[in-house]
Structure formats: structure tokens, C-alpha cells
Amino acid sequence: MNLISFRRKFPQLFLFHFIALALLYQATSAQLRLSVVGDTLKGYKAVIMNGSEPLLNNTEEFSLRLTNTDHSAESLLSSWTGKTWTGNDSTLVLTRESYIPELDLNLSVKVTYQVLHKNIVKKTIRLFQPGMPSLMYTLRERFIPAQKPLNYVSFEHEHFPGGFVHEMFPSVGFISSQHMLLSFLTDAGYKNQYTRTTRRRFNGRGGGMVGLRKLPDPELMAVASQKEQASGKDYIQMTFGEMYNLDAGTTRVLILKKPFRPIGIPHIQQQAHNFGMDFKSGKPGEKGMETIVPFRDQQVYTISFQCKGEVPLALKLFRIKNGKKTIELEEGLKYIDNFSVKKDKWTLFKGSILVPYIEKDSVSLFIGIQSGRAGTLQVKDFKIEEHNPLREAYNVLPMGESIEKTSYLFFEPWKNHKEFMISSQSKLAEGLGFRGTTLEKMLYGNMNALTWITAVNDFNPFNVPNMNYSPDMYNRDSFFSTVATYNKDLNLGIWEQWSKTQTPKGGIGTIITPSMGSTEAKDNEATIEWLIWAMLNKRRFGVKLPEEKIKKAVDYVLNEFDAGKDGKCRSHFPMSQVDIIDYEPKTDRLAVNQGMLAIALRTIKELGYPVEESYIEKTEQEYRNFYDPKRKHLLFDRNYPDIISLTDLEPEFFSLWLFNRPILQDEMVTSHLDQFPLLNKIPDAPHPEYGTTAPICIRLTQKPPGYAYLSADYQPFEAFGASNYADGKNDGFYYNGGSWLRAEYCAYVTGLKHGWKKAPALMENRAWAEINLHPKWPFSKEFIPTKWTTTESWWPSTKGLCWNIFILMANEVAGLRRPEMDPDYQKTQKLNKN
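Draft legend 1. Main features of the overall build of the protein chain. When helices and strands are tallied, the protein chain shows 19 helices and 41 strands. Its C-alpha atoms give the protein chain a radius of gyration of 28 Å, near enough to 28 Å, the size a compact globule of 834 residues would have. Referenced to the eigenvectors of the C-alpha coordinate spread, the extents of the protein chain come out at roughly 80 × 75 × 70 Å. Evaluated residue by residue, the protein chain yields a buried proportion of 59% over its 834 residues. Considering only intrachain contacts with a sequence separation of at least 6, the fraction spanning at least 24 residues in the protein chain is 69%. In the protein chain, 101 positive and 92 negative side-chain charges are present, and the distance between their average locations comes to 3 Å.

In C-alpha cells, the structure reads:
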């Protein structure tokens with residue numbers, strides 16, 4: 001049927017289609033512009049227009065709660081508008097000088113709007129006060145739709161009902177009746193002074209993580225509640241600097257509707273809120289008691305009890321959907337597998353749970369053991385409290401210093417939720433001035449969303465791997481994430497935080513945990529990467545390095561890894577991300593360790609410390625010696641010569657990136673890469689003849705298909721491997737064959753520099769896989785499984801990993817990107833010239 005006959009047969013449908021296309025064209029072709037409404041009496045406020053139509057009907061620019069440090073005096077500016085304005089339809093500035101009598105304080109405010117692109121607007125609120133040493137504040141922005149939305153959408157939910165939004169990426173919007181999306185983003189937390197951490201580590205070791213008593217920024221983003229929407233109130237709201245104090249406010253003790261039932265044991269000894277459990281030895285697994293707890297979406301709870309016994313306690317919360325146990329509820333408690341208890345003394349367990357929107361799922365609570373050990377466990381005074389917490393301001397407006405809050409909005413046709421997730425990440429990057437491919441933009445946006453302040457009383461920058469690993473900042477992850485940018489303040493700030501972890505021996509710590517200490521500093525690659533970071537900071541920003549700390553770290557590396565100066569690296573730990581085994585005594589069996597020693601020596605030499613070139617060449621030759629010409633690959637571990645890993649090419653990538661020189665010969669690199677199976681072959685991939693992913697670590701075999709996942713009879717990871725990789729249940733996952741974007745992509749770029757012809761196609765395929773292989777997860781992941789039946793088996797804990805942004809550096813090495821595409825590079829160049 002041609003167009004003419006279609007029009008004759010379905011005239012109304014054709015007319016409707018024509019009108020819809022015309023409206024869509026009008027909506028998408030018009031550029032956003034700015035306007036002002038108000039007068040000198042009522043004040044001025046900005047209006048964001050799409051053509052001649054306003055997108056928002058805001059009543060104010062923001063509201064501001066101000067208080068002194070002991071919260072004994074406060075003031076509320078409920079509806080701020082500008083006293084004066086200047087600008088045009090692309091840039092608009094509103095200002096007002098105010099006197100705050102409750103605090104005897106002068107306050108200066110400037111609100112700036114900028115149309116950055118045809119569909120992105122940046123809003124910056126600048127506060128300044130010259131009269132009070134420490135002023136606390138909470139700032140709230142409310143965005144009111146000009147018309148009733150069809151529905152609200154958040155990063156993880158296509159239909160978000162209302163309430164606060166606590167998800168992996170801070171983005172929320174609404175869809176208009178014309179099927180246009182208006183969505184809101186926030187700048188990074190270290191700039192806007194917020195954190196999304198909800199928990200801390202327990203004291204001691206092996207206890208897991210527990211929810212905080214003072215929860216910062218729980219309502220960073222929120223949507224009008226369902227009750228408000230039903231009464232005609234629609235809005236999206238951002239709240240900066242507000243903290244829930246769970247030890248103040250009011251609480252309500254919940255009554256369990258269902259009793260605890262035994263799991264894996266015959267019965268529970270129970271008297272009121274006291275329980276006793278007796279465990280026989282057996283296979284590891286859940287044994288204890290379980291019940292449904294009366295948790296509701298978007299509420300805060302505290303679970304507390306006393307416990308004692310002979311076996312460590314496990315505490316787990318799971319979501320229940322349609323009567324089926326699904327994923328863990330992680331916002332507060334995490335990894336409570338071996339909470340330490342004493343045999344003759346009661347130990348208190350107390351932790352908060354921030355329940356986000358969980359689609360009204362039920363929640364089950366398990367208390368017991370997972371170890372399979374024999375013993376008894378007693379629990380008494382079990383209690384669940386629901387909080388109506390006291391809300392306190394915690395952001396600080398210092399005397400004589402300006403503070404800014406920056407948000408972004410973007411406007412585009414609604415396509416589907418996948419495209420919304422992609423846009424949320426990439427539009428944040430565009431708003432920040434970043435240029436690159438779609439994946440590069442997504443990774444840059446994600447990295448900024450995972451970089452916030454350390455704690456409510458510590459505004460130093462803090463970078464977490466993803467929400468699953470929060471609240472911990474890991475040395476390795478923050479290194480790869482931060483050096484991928486040219487942001488001077490961020491690179492120097494986080495590097496300096498790591499410098500404070502230096503031990504008396506000179507080693508740099510592995511982890512920083514807010515609200516709890518850490519003693520983890522070991523002979524892995526952390527100190528080497530800290531020195532590399534120092535070298536880059538000196539190259540990029542011309543800074544003067546702290547000589548004493550650098551010298552201590554240099555001495556530590558030289559003495560710890562090759563005290564005998566024979567050129568062979570010896571360590572208790574792997575010097576790569578595959579860090580799931582300890583070696584006692586030190587080992588020299590690992591290829592990656594040998595290569596990292598060579599990189600360390602060349603770094604130390606550039607930093608100005610005496611290292612003989614002959615000594616560096618000796619360590620480089622030892623790295624080359626790990627290449628087995630018969631097997632045609634580098635030996636991951638000389639004791640397991642059939643194991644091959646992409647991480648063994650990481651030192652070679654470092655050498656090409658940092659020093660523009662190879663260590664390995666072309667044949668060593670290309671033959672090594674040729675041994676990897678290419679898995680997850682997809683017809684829609686850019687190069688369907690190849691797979692889209694390769695395993696980070698695999699065993700090569702003589703039998704088809706030529707490779708095998710790790711097993712009980714060939715296991716380089718000792719106790720960890722025996723408990724996780726011996727029975728095939730994790731084939732293709734994590735370090736048993738998972739596909740890790742950063743390691744894989746850098747290995748392909750290494751191959752590209754050595755003339756490997758497959759490299760361009762596999763780089764393109766792997767980038768495609770990160771966005772498209774899981775249709776509901778278009779974002780950075782810790783790893784992609786290489787063996788799976790459905791995407792339901794993919795680990796939710798992998799979502800949103802930060803360090804994959806390091807492929808920006810890989811693309812620079814490959815010649816696919818230039819430093820000036822990073823907005824901070826341009827700023828640094830200007831500063832260096834001045």
C-alpha cells in the first residue's frame with residue numbers, strides 16, 4: 001500500500017500521524033531559551049522556555065534554611081527571588097542582598113542560568129556571607145511542571161511513583177503530555193557538597209557494613225508524593241546539605257506480623273524477643289531463623305539486638321517479589337556474614353536501614369550462620385524501630401568564601417527508559433563541557449556522580465568504585481578513575497588523601513573508610529600507583545611534590561619488592577586487580593608483578609631518584625622472560641602455566657602510556673592476545689564475526705573449545721578459588737572468566753600499538769557490549785559474565801563501576817582522543833600559561 005492509498009483508507013489516522021509529527025518537529029527543533037517574570041516588589045525569577053511555551057511554573061528559585069553550629073538560632077528564606085536581573089535569552093543572572101536578623105548576618109546571592117546547548121540548561125546558585133565563622137545551611141530547589149506530567153521517571157525506574165530517589169545515578173525527570181522528557185541532574189558531590197553514603201564499616205574485621213546514625217542527603221533528589229500528586233501538587237526537588245539524625249526525632253517500634261521460622265535447623269528456642277539456635281556442623285549455607293519484616297518503601301529503620309555464642313552471626317535482608325526471594329536489600333546493611341560474637345558476653349548489633357523505592361516488595365530478614373560450623377547462637381532484645389528523624393543542616397557556608405550549587409536540566413523527546421539512562425549520564429558530561437563518544441560521555445558522567453565529599457564533617461573529595469562498594473574508597477579504583485581526567489583539584493585532592501595513609505615504612509594504604517579506620521597497607525601495587533600519580537601531577541600541573549613522603553615511598557618500593565637487586569619482583573600480593581590470593585612467603589611467580597616493578601623503577605627515575613638504566617633493563621628482561629614461546633603467552637603464574645590473563649599486559653600498557661616505549665616484543669603481545677577466546681557473540685554487534693567480550697582470566701586447554709573455566713583440580717587462587725570456583729557455579733563470573741572493560745580495552749590498545757590487526761574491531765565490540773549487551777543495564781559495569789543463560793543471573797552489585805573511565809587514557813594512547821576534549825585540560829593549560 002502506497003502513501004496515497006494509505007491516506008485515502010485511513011484519513012483520520014493519517015491526520016493524527018501528521019499532527020503528531022508536526023508537534024514532535026516543533027518540540028525538537030525549538031531551542032531552549034530563558035525569560036524573566038516578576039517585578040521589583042515580588043522579585044524576579046527565571047522561566048525556561050521551549051519556543052513560546054514555558055516548561056516550568058516555579059514559584060521561587062530556591063529556599064534556604066540557615067542555622068548556627070549548635071542549631072540554637074536559625075532562619076528560613078522560604079521563597080528566594082532576585083531583586084535585580086541582567087542577561088538575555090541564553091544567559092540570565094538574578095541577584096539579591098539580604099539581611100538575616102535572626103543571625104545578624106548579611107547574605108549575598110547570585111543565581112545564574114546558561115543555555116549550554118539547544119537542550120541543556122545549567123543553573124548555578126552562589127552564596128556568600130562575610131559575617132559568621134561557620135554558618136550551616138540546607139538549600140532546596142523545587143521544579144514545578146508547567147502542565148500535569150504523564151509520569152515521573154528515575155534512573156532505575158521508568159514509572160517512579162513519588163518520594164525520595166536513592167539510586168545508582170542521581171537523575172530524575174518527568175514526561176509531558178507531548179511525550180517530551182524534562183530531566184534534572186546535579187553536579188558532582190565534591191562540588192555541590194553532598195555524599196550518598198548510607199553506611200560504614202563495623203569496627204574490627206569481618207563484620208561487614210552497617211547503616212549510619214546520621215544519614216546525609218537522603219533526599220538529594222525527590223518527587224512529589226503520590227498523595228501530593230493526587231491533590232494537584234507536582235514537582236521535582238533537590239535538597240543539599242540535609243541530614244537525618246536518627247538519634248533524635250521520634251521512633252515507632254514495629255510488631256512482627258509473622259513469627260521467625262527455622263531455616264536449616266529443626267527448631268528455634270524462643271521466649272518473647274529472645275531466641276536460641278543450635279547448629280550442627282555441615283556444609284556452608286544459611287542456617288538460622290527468618291521472617292518477613294514490615295518495611296515500607298522510602299522509610300528509615302533501625303534493627304538492634306544483643307547476641308552471644310560460639311559461631312559468627314550472619315544477618316541478611318532480601319526483597320520478596322510475588323512470594324519469591326530475589327536480590328539483597330543493600331541500603332544500610334551489607335556483607336554481614338561473620339559478625340563477631342563472644343561466647344560469654346553480650347555484643348550489641350545496631351544499624352540503620354534506608355529503604356528506597358523497592359516497588360512495594362516485601363522484605364525478609366535472616367539471622368543465623370553461613371559458615372557450616374557447629375555451635376550455639378543466642379539473640380535477645382530484638383527490635384525494629386521506624387524513624388521520623390530530626391532533619392538537620394550540615395553544609396557549611398564559611399565566612400568570606402563563596403559556595404556554589406550547580407544543577408542541570410535537559411529536554412528531549414521521550415524514547416524509552418534505556419535511552420533515558422544513556423542521556424542522563426552523557427548529558428551530565430556535556431553539561432560539564434566534556435567531549436567524546438557516547439560511551440566516553442557516559443563514563444565521565446558516572447565518574448562525577450560517584451565523586452562526593454568524605455563525610456558530613458569532612459568536605460575533602462572522595463571517590464567510590466560504585467554504590468555497592470560505598471562507603472569505601474579504594475586506592476586502585478580511585479587512581480584509575482581520577483587520573484583519567486585532567487581535573488587538577490580532584491587529582492591533587494585525592495592523591496593528597498592517599499598520601500596521608502603512608503605508613504612509617506613508606507607504604508601507601510589500600511582503602512579509606514569514612515567513619516571507621518583502616519590498617520590495610522600491603523605490598524601490592526598501591527604505592528607504585530601513588531608514585532605514578534605523583535609523576536603525572538608533576539607533569540600535568542607543575543606542582544612541587546612533598547619530598548619526604550616521595551622519598552619514603554621510593555625507599556619502600558626499592559626495598560620491599562627487590563631487596564637483593566637481582567631484578568626479580570617478590571611480593572605477598574598480586575600487583576593487579578586479580579588480588580584474591582595472598583602468598584606466604586613472598587612469590588616471584590607472577591608476570592604482572594614483574595612488569596609493575598619495571599614501571600615503578602622508570603617512574604622513580606623520572607621523579608629524580610638514582611636508578612641505573614641497566615637495572616631497569618634487567619627487570620624488563622625478567623618481565624619478557626614470562627613469555628612462553630611454546631604456549632605463546634605470558635605466564636600468569638609459573639606454577640599454573642595454562643592460566644592466561646589480560647592483566648599481564650597491564651605493565652606493557654603503562655609503559656606505552658607513561659613513557660611511550662614498549663617493553664614486550666610485538667610477537668609476545670599479539671600471540672598472547674590471540675589465545676583469548678572471544679565470547680558473547682552477538683549478531684547486532686559492530687563486528688558480529690567476533691565475540692563482544694573476552695575473559696580476564698581463563699585456562700587454556702588442548703581439548704575443544706580450547707579453554708576452560710577454573711576448577712577444583714586446576715586452581716591458582718587457593719582457599720578463595722576452592723570456595724568460589726571449584727564447582728562451576730561461578731563459571732564466567734568475576735575473576736573466573738568475567739569480562740572487565742578497563743583491563744580488556746587497555747589490552748586491546750596495547751595490541752593495537754604492537755600491530756595486532758584485530759584490535760580496532762574488538763575495541764569497538766567491547767565498547768558496544770558495555771552499553772548494549774544487557775538491554776536494561778546501559779551503563780558501566782564491574783564485569784560482564786562470559787557464561788550465562790539470562791541477564792537475570794548478572795550480579796546487581798556490578799552496576800555503575802567508576803574506574804572504566806580509564807579507557808579515556810587508553811583512547812589517547814590509541815590516538816582516538818585528545819587531551820583538550822577534557823574541559824579541565826583547557827583550564828589547566830590557561831593556568832599554566834598565566
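Read on for the rest.
Draft legend 2. Summary view of the sheet that holds strand 21 (residues 261-263). An order of 21-24-29-26-27 is seen for the five strands of this open sheet, with the pairing classed as antiparallel. At either margin of the open sheet sits one strand with a lone partner, and together these are strand 21 and strand 27 (324-328). With direction set aside, neighbouring strand axes in the sheet form an average angle of 35°. When strand 24 (residues 287-293) meets strand 29 (residues 362-369), the two strands line up antiparallel, connected through seven bridges. Residue methionine 289 lies in a different strand from strand 29, and its bridge partner there is isoleucine 367.

Draft legend 3. Structural context of helix 18 (residues 807-814). The element helix 18 is largely enclosed, with a buried count of seven among its eight residues. By the burial criterion, the buried members of helix 18 are Ile807, Leu808, Met809, Ala810, Asn811, Val813 and Ala814. Residues of helix 18 that are buried in the fold lie against helix 6 (438-449), helix 9 (526-541), helix 13 (650-659), helix 16 (741-753) and helix 17 (759-772). Positive phi appears at glycine 815, one or two residues downstream of helix 18, with a value of about 85°.

Draft legend 4. Focus on the pattern of salt bridges. If you walk through the whole model with that rule in mind, you get 50 salt bridges. Among the ionic pairs, lysine 441 bridges to glutamate 430, the shortest N-O distance being 3.0 Å. In this pair, lysine 441 is assigned in helix 6 and glutamate 430 in helix 5 (residues 417-431), connecting sequence segments 11 residues apart. Of the charged contacts, one joins arginine 817 and glutamate 440 as a salt bridge, the two residues approaching to 3.0 Å between their closest N and O atoms. Placement of arginine 817 in the loop between helix 18 and helix 19 (823-833) and of glutamate 440 in helix 6 is noted, with a sequence separation of 377 residues between them. With a relative accessible area of 2%, glutamate 440 lands in the buried category.

Draft legend 5. Structural detail: the sheet that holds strand 7 (residues 91-100). Read across the open sheet, the eight strands follow the order 6-7-8-9-32-14-13-11; overall the sheet is antiparallel. Of all the strands in the sheet, the pair left with one neighbour each is strand 6 (84-87) and strand 11 (151-154). For this sheet, the mean angle separating the axes of adjacent strands, direction not counted, is 20°.

Draft legend 6. Structural detail: helix 11 (residues 591-606). In this model, helix 11 (16 residues) spans 23 Å end to end at C-alpha, consistent with the 22 Å of a helix rising 1.5 Å per residue. Most of helix 11 is tucked away, with 14 of its 16 residues classed as buried. Directly beyond the C-terminal end of helix 11, a positive phi value near 100° is found at glycine 608.

Draft legend 7. Structural detail: the confidence of the model for the protein chain. Per-residue pLDDT for the protein chain averages 94, and the proportion of residues at 70 or more is 96%. A low-confidence stretch, residues 1-29 stays under pLDDT 50, and its non-local contacts, those more than four residues away or across chains, total 12 contacts.

Draft legend 8. Examining the packing of aromatic side chains more closely. Scanning all chains against the criterion turns up 51 aromatic pairs. Summarising the aromatic geometry, the rings of tryptophan 414 and phenylalanine 420 are spaced 6.1 Å apart at their centres and angled 45° between planes, so their arrangement reads as tilted. The two residues tryptophan 414 and phenylalanine 420 agree in class, both being buried. Consider the rings of tryptophan 788 and tryptophan 794, whose centres lie 5.2 Å apart with planes at 90°: the pair is edge-to-face. By relative accessible area, tryptophan 788 is classed as partly exposed at 27%. A cation over an aromatic ring shows up here: lysine 325 above the ring of phenylalanine 318, its NZ or CZ 4.8 Å from the ring centre. Sitting over the ring of tyrosine 486, arginine 540 keeps its end group 4.4 Å from the ring centre.

Conventions used here
Residues numbered from 1 in each chain as written. Predicted model: local features only at pLDDT ≥ 70, side-chain atom pairs only at ≥ 80, totals over all residues. Heavy atoms only, no water. Helix = DSSP H or I, 4+ residues; strand = E, 2+ residues; numbered from the N terminus. Rg over C-alpha atoms; globule rule 2.2 N^0.38 Å. Buried < 20%, exposed > 50% of the residue type's maximum accessible area, 1.4 Å probe, protein only. Contact = heavy atoms within 4.5 Å. Lys, Arg positive; Asp, Glu negative; His and termini not counted. Charge placed at Lys NZ, Arg CZ, Asp CG, Glu CD. Pairing = 2+ DSSP bridges. Axes fitted to C-alpha atoms, helices over the stretch in contact; angles between N-to-C directions. Salt bridge = Lys/Arg side-chain N within 4 Å of Asp/Glu carboxyl O. Expected span 1.5 Å × (residues − 1). pLDDT = per-residue confidence, 0-100. Phe/Tyr/Trp six-rings, centres within 6.5 Å; stacked < 30°, edge-to-face > 60°. Lys NZ or Arg CZ within 6 Å of the ring centre and 35° of its normal.

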